Amino acid sequence: AVAAEKANAFRALLEANETLEATIAERTADLREANDEIQRFAYIVSHDLRSPLSALRAALDALVDGVAPDPPRYLRSMQADVAALTALVDDFFLLARIEGGHLDLDLGRVDLSECCDEAVEALTPTAAARGVTVKLEAVDHVRVRGNTNALGRVVRNLLDNAIRHAPEGSVVTV
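Residues numbered from 1 in each chain as written. Predicted model: local features only at pLDDT ≥ 70, side-chain atom pairs only at ≥ 80, totals over all residues. Heavy atoms only, no water.

What tends to happen in soluble globular proteins is that the nonpolar side chains get buried as a cluster. In terms of nonpolar packing, the biggest core is built from 14 residues, with Ala-127, Val-132, Val-134, Val-155, Leu-159, Ile-163 and Val-172 touching the most fellow members. When contributions to this core are tallied by element, the ones reaching two or more residues are helix H3 (112-129) and helix H4 (148-165). Considering every element that reaches this core, the biggest residue donor is H3, with 6 residues. When neighbours within four sequence positions are excluded, Val-132 is seen to be in contact with Ala-127, Ile-163, Ala-166, Pro-167, Ser-170 and Val-172. (Core = buried A, V, L, I, M, F, W, Y, C linked by side-chain atoms within 4.5 Å. Buried < 20%, exposed > 50% of the residue type's maximum accessible area, 1.4 Å probe, protein only. Helix = DSSP H or I, 4+ residues; strand = E, 2+ residues; numbered from the N terminus. Contact = heavy atoms within 4.5 Å.)

What follows is about helix H2 (residues 71-99). With 29 residues, H2 should reach 42 Å at 1.5 Å per residue; the first-to-last C-alpha distance of 42 Å fits that figure. Those residues of H2 that are buried are in contact with helix H1 (2-65), H3 and H4. Phi for Gly-101, located one or two positions after H2, is positive at around 75°. (Expected span 1.5 Å × (residues − 1).)

With respect to the helices, strands and loops of the structure, Val-171 is situated in strand S4 (residues 171-173). Separated by 23 residues in sequence, Val-171 and Thr-148 have C-alpha atoms that sit 26 Å apart. The residues touching Val-171, leaving out its near neighbours within four places in the chain, are Thr-133 and Lys-135.

What follows is the structure in C-alpha cells.
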C-alpha cells in the first residue's frame, strides 16, 4: 500500500512538473512575442522621430552658420518640426494610455469641419516646405459626437501622413 501511494504521489508530481513546464514555455513564448513587439515599436518611434530631428538640426546649423537664405522661413520650418515632435510624443503618450487601459475621453458635440480647418492651418507650413498645397473643402459644419482633442489629433495625423507621402507639386484636399 505504501509503495502504491508513493507511485501515485510520484505520478502526480510528474504531472505537476509537466504542467509547470508547459506553463513556463507558454509564458516564455508570450514574453518573446511582447519583446518583439516592443522592438518593432522602438524602431517605428526612432524612425518617426529621426525625420523632424534631422530637419531641425539642418535648419539650426544653417541659421548658426549664417547660410540660411531666408531665416524667417527656416524658423517657421523649425516651429513646424517642433510641432511634429510634440504631436509624436503626444501620440505615444496616448498610445501608452490606451494600451494601459487608462484612456478616459469626455465626449460631446464636435464640429469636424473646425477640426479639419485647424489641422489645415497648423500643417500648411509643413506642406509648403514640401512643395505640397493643402486645400480645405468644407461645405458646411459637420457635427459629430466625440472628443475634440482626440478627433483633432486623428485629423492632423491623417493630414500629416497625406502631406508626407504626397509628391511635390500635388494638392492634398481635406
